[in-house]
Amino acid sequence: MSTVKLILGSSSPRRQELLKQVHLPFSVRTPDIDESQIKTNNPVEKVEQLAIRKSQAIPLLDEKEVILTADTVVSYKQQIFEKPKNKEAAIQMISDLSGEMHEVYTGVQIRSSKQELVFVERSEVEFWPLSEEEINWYVSTPDPYDKAGAYGIQSLGAAFVKRINGDYATIVGLPISKVVRELRQFSIFPY
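Residues numbered from 1 in each chain as written. Predicted model: local features only at pLDDT ≥ 70, side-chain atom pairs only at ≥ 80, totals over all residues. Heavy atoms only, no water.

**Student:** Which parts of the structure should I look at to understand the packing of helix α3 (residues 87-97) against helix α4 (residues 132-139)?
**Tutor:** The angle between the axes and the distance between the axes are what describe a pair of packed helices. With their axes 10 Å apart at the nearest point, α3 and α4 run at an angle of 140° to one another. Considering the angle they form, α3 stands oblique to α4. In this structure, α3 meets α4 at a crossing whose hand is right-handed. Where α3 abuts α4, its residues K87, A90, I91, I94 and S95 lie against I135, N136, Y138 and V139. Considered class by class, the residues forming the contact of α3 with α4 number six nonpolar, two polar and one charged. (Axes fitted to C-alpha atoms, helices over the stretch in contact; angles between N-to-C directions. Helix = DSSP H or I, 4+ residues; strand = E, 2+ residues; numbered from the N terminus. Parallel < 35°, antiparallel > 145°, perpendicular 65-115°, else oblique. Left-handed = near helix turned anticlockwise from the far one by under 90°. Contact = heavy atoms within 4.5 Å. Nonpolar A, V, L, I, M, F, W, Y, C, P; charged D, E, K, R; others polar.)

**Student:** Help me out: how do you make sense of the nonpolar core in this one?
**Tutor:** Ranked by size, the top nonpolar core spans 42 residues in total, and within it L68, I94, I110, F127, Y151 and L174 carry the most contacts. In terms of residue count, the dominant contributor to this core is strand β3 (residues 65-76) (five residues). Every residue in contact with Y151, bar those within four places of it in the chain, is listed here: V74, I94, L97, H102, V104, V125, F127, Y138, P144, G157 and I171. (Core = buried A, V, L, I, M, F, W, Y, C linked by side-chain atoms within 4.5 Å. Buried < 20%, exposed > 50% of the residue type's maximum accessible area, 1.4 Å probe, protein only.)

**Student:** Is there a simple way to explain the pairing of strand β1 (residues 5-8) in this structure?
**Tutor:** Every regular strand shows the same layout, with side chains that alternate between the two sheet faces. Summarising the sheet, β1 and β3 pair through four bridges and their orientation is parallel. Its bridge partner lying in β3, L6 is registered against V66. In this structure, β1 lies alongside strand β2 (residues 27-28), joined through two bridges in parallel fashion. Residue pairing in the sheet places L8 in a bridge with V28 of β2. Once the chain exits β1 it traverses helix α1 (residues 13-21) before rejoining the sheet at β2, and the crossover so formed is right-handed. (Pairing = 2+ DSSP bridges. Right-handed = clockwise from strand over helix to strand, strands pointing away.)

Structural data, given as structure tokens:
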């Protein structure tokens with residue numbers, strides 16, 4: 001068994017679940033950053049910069065640690081949809097996505113004392129056309145408020161998804177198959 005220790009720099013239960021799913025042992029250290037500092041409207045730059053900033057906010061406590069951070073945004077018609085701040089924002093986001101195709105970007109940084117790696121994965125999601133009643137029901141649940149684009153594909157928001165192109169896990173918040181492959185160069189393997 002490897003003596004290298006994986007540190008997930010995220011409190012996201014979805015990212016933690018994905019790591020557990022592929023049997024990657026890890027501990028959690030949550031970064032404290034102000035995400036509003038990243039002003040770009042380019043979704044690739046946004047998730048890249050946020051993953052890097054989150055990583056930089058977590059110190060490596062010894063040379064056997066590897067920090068894994070990620071950030072996810074939804075992009076629709078050159079507009080970035082992050083987590084909705086209130087019910088009105090959630091209604092607007094879900095209404096905009098109704099019957100439309102949008103992109104989901106997840107940026108990842110993996111960092112050790114010897115090397116670092118950054119990559120971005122993209123998937124497309126198409127929603128069914130949604131009624132006002134469906135949207136109002138959904139935003140009355142807790143589901144949309146801690147997720148980019150105001151929906152969770154792994155939870156109640158799955159009912160809206162007509163089709164995806166790309167990696168499902170990227171949409172959830174961590175492109176786990178690529179993460180597993182990239183962690184090999186950091187001597188981290190599923191057990």
